[in-house]
Amino acid sequence: QVQLVESGGGLVQAGVSLRLSCVSSGRTFSSVNMAWFRQAPGEEREFVARISWTNSEAYADAVKGRFTISRDNAKRTVYLEMNSLIPEDTAVYYCALGSRPATIANSYEYWGQGTQVTVSA
């Protein structure tokens, strides 16, 4: 089965940049769609960004212009570059893999364990 492992989270101050990584194993990577979701304390899991196998990108309004999703097929890795972080970005960030690009969590078939991002004011 597919395994996804996220890394790169941490505790940072507002305004700092952070780069998350997600490494995939178990399936051909180049033809799948990848996404990032996040879940803040007491909140539902929400869409952050996605990238299709053709490198089409989409972002949630809350992060558009600050976050960038990218992929390196040779390294079987998807990245989330987060700039100008604000306390509202505090959440557990999850990597997801699916057969079709989507912004709904239930559309994705495989998930990583999550990595914590905490942004202090």
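For the structure itself, consult the block above.
Residues numbered from 1 in each chain as written. Predicted model: local features only at pLDDT ≥ 70, side-chain atom pairs only at ≥ 80, totals over all residues. Heavy atoms only, no water.

Participant: Requested: an account of the packing of aromatic side chains, with residues and values cited.
Facilitator: Taken as a whole, this structure holds four aromatic pairs when the rule is applied. Judged by centre distance (5.2 Å) and plane angle (55 degrees), the rings of Phe 37 and Trp 111 are tilted. Of this pair, Phe 37 sits in strand E4 (residues 33-39) while Trp 111 is found in strand E10 (residues 110-111), placing the two residues 74 residues apart along the sequence. According to the relative accessible area criterion, Trp 111 is partly exposed, its value standing at 28%. Above the ring of Tyr 79, the side-chain terminus of Arg 19 is found at 3.9 Å from the ring centroid. (Phe/Tyr/Trp six-rings, centres within 6.5 Å; stacked < 30°, edge-to-face > 60°. Helix = DSSP H or I, 4+ residues; strand = E, 2+ residues; numbered from the N terminus. Buried < 20%, exposed > 50% of the residue type's maximum accessible area, 1.4 Å probe, protein only. Lys NZ or Arg CZ within 6 Å of the ring centre and 35° of its normal.)

Participant: Can you tell me about the pattern of salt bridges, naming the residues and giving the values?
Facilitator: Counting across every chain of the model gives four salt bridges. For Glu 46, the salt bridge identified is with Arg 38, shortest N-O distance 2.7 Å. Residue Glu 46 is classed as partly exposed on the basis of its relative accessible area of 36%. For the salt bridge of Arg 66 with Asp 89, the shortest nitrogen-to-oxygen distance reads 2.8 Å. With Arg 66 in the loop between strand E6 (57-59) and strand E7 (67-72) and Asp 89 in the loop between strand E8 (77-82) and strand E9 (91-98), the pair connects residues that are 23 residues apart, well separated along the chain. Members of the salt-bridge network, linked through shared partners, are Arg 38, Glu 46, Arg 66 and Asp 89. (Salt bridge = Lys/Arg side-chain N within 4 Å of Asp/Glu carboxyl O.)

Participant: Before we move on, can you summarise the nonpolar core with the specific residues and values?
Facilitator: In this structure, Met 34, Trp 36, Val 78, Leu 80, Met 82 and Tyr 93 are the most contacted members of the largest nonpolar core, which totals 35 residues. Elements supplying a minimum of two residues to this core: strand E3 (18-25), E4, strand E5 (46-51), E6, E7, E8, E9 and strand E11 (115-120). When residues of this core are assigned to their parent elements, the largest contribution, five residues, is made by E9. Excluding anything up to four places from it in sequence, Val 78 contacts Leu 20, Ser 21, Cys 22, Phe 29, Met 34, Trp 36, Ile 51, Ile 69, Ser 70, Arg 71 and Cys 95. (Core = buried A, V, L, I, M, F, W, Y, C linked by side-chain atoms within 4.5 Å. Contact = heavy atoms within 4.5 Å.)

Participant: Account for the environment of Val 23, naming residues and giving values.
Facilitator: By the element assignment, Val 23 lies in strand E3. Sequence separation between Val 23 and Glu 57 is 34 residues; the distance between their C-alpha atoms is 19 Å. Setting aside anything within four residues of it in sequence, one finds Val 23 in contact with Gln 3, Leu 4, Val 5, Lys 75, Arg 76 and Thr 77.

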